Amino acid sequence: MKKYVVICISIVIAFTWNCFPVSSEYSNDYILSDNYYHDVNYDAEFDESSVLVLMRQNSGAVSLFSTRLSSAGMTFAGLGIAEIENLDVHSDGDISLFSADEESIALKLTLKEPGRENVIETIEKLKEIPEVECAEPNYIYSLSSLPNDTHYVAGNQYGLDKISAPAVWAMDINCSDMAVAVIDSGTMPTHPDLVNNIWTNPGEIPDNGIDDDGNGYIDDVQGWDFYSNDNDATDENGHGTHVSGIISAMTNNKIGVASLARNAKIVPLKVFGSGKDTSNDYVYKALKYIDSMGFTVANNSFGGFGYSEIIFNAIKSCKNTVFVTASGNAASGSLPNNNDAKPIYPASYQSDNIIAVAATDKNDNLSTFSNYGANSVDVAAPGTSIYSTMWNSGTPTYSSLNGTSMACPMVTSAAAIMRKRYPDMTPAEIIAQIESSADVVGGLTGKVKTSARLNAYEALMVHAIRIELNKSYLELKKGETSALTANVHPMNNVDSVVSWQSSDESIAVVDNGTVTAKEGGTAIITASCGEVSAECTITVIAPTPTPSPTPTPSPTPTPSPTPTPSPSPTPTPSPTPTPTSEPVDRIDFKQSEGKVLAKLVFEKTIPPKEEDINLYVAYKKNGIISHIEVTNVIEMETIFIVPEKYADCEISVYVWDKDMKPLMAVQNLEQNAKYKEADA
């Protein structure tokens, strides 16, 4: 009798949401083999039921399911993985965690047995696997605002005057087509001061149950709720609604509050629920959404003490996005408030598309709750007693809050207007302009890198950064002309006018970019705008008289004889080849009442030894591997039973050798409501 051994891995999903007490000590660095690990901060708060891994390019995740687990010598059961989620995929389409990938992929591994020590132990094991680029805790983030029961007087928004909002409004910059991503607790889309400023996805048809724009999210008409994995990003917390109003509350509508960007559109990306904590897996998905949709400004009013290589890489990959981040409010309690000594993330990530924001009060002093850092925090903005949109038991209202969460969207609103006015500026250039144009105030000396507080109007006074000519060298003959074109970056800069000059007008002159060659020699044409310039070298070639050649009589041509045509040979028809079937390695399936017999057929290659074959049956649904079976192969056959609860899953069978290399293409089993009867 044949014996078939089936190892079934049952799935248990466990989530634990924790508060945000954090100790002040770091753990040691971890650098093992070729894997790179930053400071793995096991003292920071993290989800105790999961870990995050980044698989190396072209490795896939096959080693996680091997009975030998690559060269590390561990068993699958030794890792205790209950569920694997591919954080880079959100669709019901085909995904394969086993096949090679052209890019690194991020995975969330849910553990069978949640617990702090189990998370640490699993990460240490994962570090030993060559295919794992990095493994880290699923760190918890907290919102960067403080509750405040002292209501600010309605309409008295001192912060807008501090950052020169009236002067910006006078410029009448229309931001109605400017989308600002807000990674937060969602927003209240029906609030009368926000209702017309919520982004609508132009590529999505509402409520048709179809992913019209093909981004992997069905009916993401007004953002997405990554926390609950649906298209309803309605705020359950209040924090996101307050932040949204600071960025872009409707202005001049005779109610509520005003905002700097006035009519920019809020894209609510919900990663927080009703509480004040979230974790990296939700934030990662929001970052990938920003990247795929091309949003150029993102607000991040949250933070935590855990450095995540996965989150850092995701932010860097959004190369055209300005990420505005809150420096944190640790100073409100017993935690350290100097980010130079104790970094808070994402504010402390070092990337040229990130700007970190501290909070100030009415007197331009650093707010008592605000974190700071002379090297790690870039600029400050008003964050004490900031009045904005809010809701209470589902009713729209207004309230005053304190926090770097409130300072952060002040800078975000300014960045949105800059993006609109200067669309060709890079994130690094926008951030540099915000920093260099800010108002230096004594209360910030030694507290932030610029010692300055945001001035939105001055930030918009962008001078020419560089000028480019369409040609750097021209060669002309005397009397010839040629047009030079100057492109000044950014467009709409305050210098605007380009001036032209020739180093030697006896050789070449220039009039509004048109160069005229005068005499032989070399001259330099310079185009200037503000303090930047570009040059083009002009070489004028003086004409040299050429003597006329003596004509030579042409010889009389001799006519060629007419060739006699040869008869063409009659072609002999070729016999029609008999078609032959191409040999292929495959699996022949027979199904009956949920039982599947799989027979391995090797027609193209030499069959391997059975003990060298690893065969996996994977059940996948909604981008998650819910169930995995590792089966033994006897006489090139195996039997497995499809559990009823996985009857609607996609079933894929993978056949690998002992070195975890595929022996044949992935075999997909067709499932129907009723299984096909096996042959008698």
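Residues numbered from 1 in each chain as written. Predicted model: local features only at pLDDT ≥ 70, side-chain atom pairs only at ≥ 80, totals over all residues. Heavy atoms only, no water.

Visitor: Describe the overall build of the protein, and please don't skip the residues or the numbers.
Guide: Helix and strand counts for the protein come out as 10 helices and 34 strands. The proportion of buried residues among the 680 residues of the protein is 52%. Within the protein, counting contacts between residues at least 6 apart in sequence, those at least 24 apart form 72% of the total. Of the roughly 30,800 Å² of accessible surface on the protein, a fraction of 51% belongs to carbon and sulfur atoms. (Helix = DSSP H or I, 4+ residues; strand = E, 2+ residues; numbered from the N terminus. Buried < 20%, exposed > 50% of the residue type's maximum accessible area, 1.4 Å probe, protein only. Contact = heavy atoms within 4.5 Å. Areas by Shrake-Rupley, 256 points an atom, 1.4 Å probe, with all protein chains shown as cover.)

Visitor: Talk me through the sheet that holds strand 23 (residues 499–502); I want residue IDs and the actual numbers.
Guide: Across the sheet, four strands lie side by side as 20-27-26-23; this open sheet has mixed pairing. In this open sheet, the two strands that pair with only one neighbour each are strand 20 (473–477) and strand 23. When strand polarity is set aside, the average angle formed by the axes of neighbouring strands in this sheet is 25°. Judged from the five bridges that link them, strand 20 and strand 27 (residues 532–541) form a sheet pairing that is parallel. Following the sheet pairing, Leu476 is matched in strand 27 by Val540. (Pairing = 2+ DSSP bridges. Axes fitted to C-alpha atoms, helices over the stretch in contact; angles between N-to-C directions.)

Visitor: Help me get a handle on helix 8 (residues 404–421), residues and values and all.
Guide: Over its 18 residues, helix 8 extends 26 Å from the first C-alpha to the last, a length consistent with the 26 Å expected when each residue adds 1.5 Å. Most of helix 8 sits out of view: 16 of its 18 residues are buried. (Expected span 1.5 Å × (residues − 1).)

Visitor: Please provide a residue-by-residue account of the environment of Lys265, values included.
Guide: Following the sequence through the fold, Lys265 ends up in strand 8 (residues 265–270). Leave out the neighbours within four places in its chain, and Lys265 touches Cys175, Ser176, Met178, Ala179, Val180, Asn196, Asn197, Ile198 and Trp199. A polar contact of 2.8 Å, which involves the side chain of Lys265, links it to the backbone oxygen of Asn263. (Polar contact = N/O pair within 3.5 Å; in protein donor to acceptor, adjacent residues only side chain to side chain.)

Visitor: A description of the environment of Leu52 should follow, citing residues and the corresponding values.
Guide: Counting through the fold element by element, Leu52 comes out in strand 2 (residues 46–55). For Leu52, a relative accessible area of 0% corresponds to the buried category. In this structure the C-alpha to C-alpha distance between Leu52 and Glu85, which are 33 residues apart in sequence, comes to 9.6 Å. Filtering out sequence-adjacent residues up to four positions away, Leu52 remains in contact with Leu87, Leu107, Lys108, Cys134, Ala135, Glu136, Asn138, Asn280, Asp281 and Ile310.

Visitor: Can you lay out the pattern of salt bridges for me, pointing to particular residues and giving the numbers?
Guide: Note that side chains of opposite charge can pair when their charged atoms are close. Under the counting rule described, the total for this entry stands at 19 salt bridges. For Lys420, the salt bridge identified is with Asp177, shortest N-O distance 3.0 Å. Linking Lys420 in helix 8 with Asp177 in the loop between helix 4 (165–170) and strand 6 (179–184), this pair joins segments that are 243 residues apart in sequence. Judged by its relative accessible area of 30%, Lys420 is partly exposed. (Salt bridge = Lys/Arg side-chain N within 4 Å of Asp/Glu carboxyl O.)

Visitor: I'd like to hear about the pairing of strand 6, residue by residue, with values.
Guide: Walk down a regular strand and you will see the side chains alternate between the two sheet faces. With six of six residues buried, strand 6 lies mostly within the body of the structure. With burial as the criterion, each face of strand 6 is covered, one bearing Ala179, Ala181 and Ile183 and the other bearing Val180, Val182 and Asp184. As judged from the six bridges shared by strand 6 and strand 8, these two strands associate in the parallel manner. Within strand 8, the position partnered with Asp184 by the bridge is Lys270. Where strand 6 and strand 10 (residues 297–300) come together, three bridges link them in parallel fashion. The partner of Val182 across the bridge, within strand 10, is Asn299.

Visitor: Talk me through the confidence of the model for the protein; I want residue IDs and the actual numbers.
Guide: Across the protein, the average pLDDT comes to 81, with 77% of residues at or above 70. Per-residue pLDDT stays below 50 along residues 672–680; that stretch engages in 14 contacts with residues further than four places along the chain or on separate chains. (pLDDT = per-residue confidence, 0-100.)

Visitor: With reference to specific residues and values, describe the side chain of His489.
Guide: With respect to the secondary-structure elements, His489 resides in strand 22 (residues 486–489). Overall, His489 belongs to the buried group, its relative accessible area being 8%. Excluding residues within four positions of it along the chain, His489 makes contact with Asp424, Met425, Glu429, Ala464, Ile465 and Arg466.

Visitor: Describe in detail the packing of aromatic side chains, supporting the description with residues and values.
Guide: Going through the model one piece at a time under the given rule, you end up with 14 aromatic pairs. Measuring from centroid to centroid gives 4.9 Å for Tyr217 and Trp224, while their planes differ by 70°, and the two rings are edge-to-face. Judged by relative accessible area, Tyr217 falls into the buried class, the value being 7%. Ring plane angle 35° and centroid distance 4.8 Å describe the contact between Tyr345 and Tyr349, whose orientation is recorded as tilted. The exposure class assigned to Tyr345 is buried, which follows from its relative accessible area of 6%. Note on Tyr349: relative accessible area 2%, which makes it buried. The structure contains a cluster of three or more aromatic residues connected by ring pairs, namely Trp199, Tyr217, Trp224, Phe226, Tyr289 and Phe295. The positively charged end of Lys108 is found above the aromatic ring belonging to Tyr282, 5.9 Å away from the centroid. (Phe/Tyr/Trp six-rings, centres within 6.5 Å; stacked < 30°, edge-to-face > 60°. Lys NZ or Arg CZ within 6 Å of the ring centre and 35° of its normal.)

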